[in-house]
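# Fold and geometry: a report
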Amino acid sequence: MDLLQKQVFSHQDAWTSTHSAWNSWARSMSRMSSLQSVIALEAKSSSFQSTDNLYPHYAAMERNNLMRLAHTIPFTPVSILGVEEVSVYSLEEVPSDADPYAGTVSSWSSRGLSALLQPLSSEEGSLDGGLRQGCRVLCTWAERDVLRPGLVYVVKAFRPEVVRAWQRIFHGSTALLLCLREIQQQRAAQKMMQEFNEVKPDDMHHSPRFLDVALVLWQSNGQWLTIERNMTGDFRKYNNNTGEEITPCCSLEEMLLAFSHWTYEYSNRELLVLDIQGVGAELTDPTVIMSDDQRGEMLFGPDNLGDAAISGFLQRHSCGACCRRLGLADLRKCLDGRENSSEAEPTPRREEQEDNETRM
């Protein structure tokens, strides 16, 4: 049995309640069925990568031997010259068996596909965040093109202190379960962005997207990480997970801030996508916020600040032309209206309260 399958099965009880909460939420909003994320293990058949793609990892004689064995014996190259062997698990879209009207659901493959990654030297700490540390790697070979050889990727690992803090909730494979939820979080934001791009007006020309993220097992030390394509260019953060946002200076930036507002309305005010960041229209590392009374089992990443983040966003977000084009109500006016309504709500007079207490 594959290592991911063993470790996930060992935490089946913890996963069951999480799945139930997620599915219950998804079914309650039929127009959001595309956001369902069913973490089901689906075995994938193995296949052998053409030996032509193994060059330059083998000498000529070894390649000749492999040519004779290629169609009969699956082979995984070994780690040489600082290159690390990893197993890559992808979250793929598959047809829904339980609900044919739901389209597709997200499903993990139980078998990891092998790849070789070469760590690249970079400025120390340049890719680190508050919860995770990052490192650039070069893919030199990959089984069934699960990664693209020759491309630079970024692998991210949760900081040791973060893993220790969450061990009281996720016993055992804490880093694995944190990585799984981080990837689910990006997939949920990715699906909402796809829907956003379909419903936005045609003259809003930008089509932002979130990068695909996969799960990686580093074979040499058994560490679980996430991996995504490296982005080059001016990396910017448009808002953060407390609701603070930049002052937009172009149509793309205004659209990305409007996207956060749109996710709040689209999800019936149950979800809010913040931490919008990336290079231009290519985005990564979002935070999907859920209110305190809906968080329960952690469906997404550990940086969900709940009601505090939602309140911060409602107070700080400035609706612009994009929000109006999308038919979104001004959040500040809505917030002021709710506060005024609460202040104007009549309260029983002291005499009435005392009379009621006497009757009781």
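Residues numbered from 1 in each chain as written. Predicted model: local features only at pLDDT ≥ 70, side-chain atom pairs only at ≥ 80, totals over all residues. Heavy atoms only, no water.

- As recorded by an unreviewed UniProt entry, the protein chain carries the name Transient receptor potential cation channel subfamily M member 6-like isoform X2 and is attributed to Notothenia coriiceps.

## Concerning the nonpolar core
- Counting residues in hydrophobic clusters, the biggest one holds 29 residues, and the most contacted among them are Phe259 and Ile276.
- Counting only elements with at least two residues in this core, the list comes to α5 (174-199), α6 (251-266), β12 (271-274), β15 (287-290) and α9 (321-325).
- Of all the elements, α6 adds the most residues to this core, at eight residues.
- In this structure, Phe259 is in contact with Ala189, Met192, Met193, Phe196, Phe210, Val273 and Ile276, ignoring residues within four places of it in sequence.
- Counting 18 residues, the second largest nonpolar core, distinct from the first, contains Val88, Ala142, Val155 and Val216. (Core = buried A, V, L, I, M, F, W, Y, C linked by side-chain atoms within 4.5 Å. Buried < 20%, exposed > 50% of the residue type's maximum accessible area, 1.4 Å probe, protein only. Helix = DSSP H or I, 4+ residues; strand = E, 2+ residues; numbered from the N terminus. Contact = heavy atoms within 4.5 Å.)

## Quick word on empty space enclosed by the protein
- Taken as a whole, this structure holds two cavities of 30 Å³ or more when the rule is applied.
- The volume enclosed by the largest cavity comes to roughly 40 Å³.
- Every residue along the wall of the largest cavity is listed here: Leu91, Ile183, Gln186, Arg187, Gln190, Leu211, Asp212 and Val213.
- For the lining of the largest cavity, the element with the most residues is α5, which contributes four residues.
- Looking at the lining of the largest cavity residue by residue, the classes come out as four nonpolar, two polar and two charged.
- A volume near 40 Å³ is recorded for the second largest cavity.
- Lining the second largest cavity are Arg132, Glu182, Gln186, Val213, Thr226, Glu228 and Asp285. (1 Å grid on protein atoms, 1.4 Å probe; cavity = no way out; pocket = protein on both sides within 12 Å on 5 of 7 lines; lining within 4 Å. Points joined across faces, edges and corners; volume = space filled by probe spheres on them. Nonpolar A, V, L, I, M, F, W, Y, C, P; charged D, E, K, R; others polar.)

## Notes on the sheet that holds strand β7 (residues 152-158)
- Strand order in the closed barrel made by the six strands is β2-β5-β6-β7-β10-β9, with antiparallel pairing throughout. Put simply, the sheet's adjacent strands are angled 45° from each other on average, direction ignored.
- In this structure, strand β9 (residues 213-218) lies alongside strand β10 (residues 223-229), joined through six bridges in antiparallel fashion. Bridging across to β10, Leu217 finds its partner in Trp224.
- With respect to the sheet, α5 is in contact with β6 (132-142), β7, β9 and β10, its orientation differing from that of β9 by roughly 165°. (Pairing = 2+ DSSP bridges. Axes fitted to C-alpha atoms, helices over the stretch in contact; angles between N-to-C directions.)

## Section: the sheet that holds strand β8 (residues 209-210)
- Spatially, β8-β14-β13-β11 is the arrangement adopted by the four strands of the open sheet, whose pairing is mixed. Either end of the sheet is taken by a strand with one partner, and the two such strands are β8 and β11 (235-237).
- Relative to strand β14 (residues 282-283), strand β13 (residues 277-279) runs antiparallel, the two sharing two bridges. In the sheet register, Val279 faces β14, and the bridge partner there is Glu282.

## Some points on the pattern of salt bridges
- For the structure shown, the criterion picks out eleven salt bridges.
- One salt bridge connects Arg325 with Asp203, and the closest N-O pair in it is separated by 2.8 Å. Of the two residues, Arg325 is situated in helix α9 and Asp203 in the loop between α5 and β8; the sequence distance between them amounts to 122 residues.
- Judged by its relative accessible area of 44%, Arg325 is partly exposed.
- Owing to a relative accessible area of 43%, Asp203 belongs among the partly exposed residues under this scheme.
- Note that Asp275 and Lys237 form a salt bridge whose closest N and O atoms lie 3.1 Å from each other. Of this pair, Asp275 sits in the loop between β12 and β13 while Lys237 sits in strand β11; the two residues are 38 residues apart in sequence, bridging distant segments of the chain. (Salt bridge = Lys/Arg side-chain N within 4 Å of Asp/Glu carboxyl O.)

## A look at the packing of aromatic side chains
- Counted according to the given criterion, the structure contains seven aromatic pairs.
- Ring centres of Tyr89 and Trp224 lie 5.8 Å apart, and the angle between their planes is 45°; this geometry places the pair in the tilted category. Placement of the pair is Tyr89 in strand β2 (residues 84-89) and Trp224 in strand β10, with a sequence separation of 135 residues. A single burial state applies to Tyr89 and to Trp224, both of which are buried.
- Seen in terms of ring centroids, Trp262 and Tyr266 are 4.5 Å apart; in terms of plane orientation they differ by 15°. Their pairing is stacked. Here Trp262 pairs with Tyr266, and both are found in helix α6, just four residues apart, close to one helical turn. Across the pair, exposure class does not vary: Trp262 and Tyr266 are buried alike.
- Taken together, the ring pairs in this structure connect Phe196, Phe210, Phe259, Trp262 and Tyr266 into an aromatic cluster.
- Here the basic side chain of Arg132 rests over the ring of Phe158, its NZ or CZ set 5.6 Å away from the ring centre. (Phe/Tyr/Trp six-rings, centres within 6.5 Å; stacked < 30°, edge-to-face > 60°. Lys NZ or Arg CZ within 6 Å of the ring centre and 35° of its normal.)

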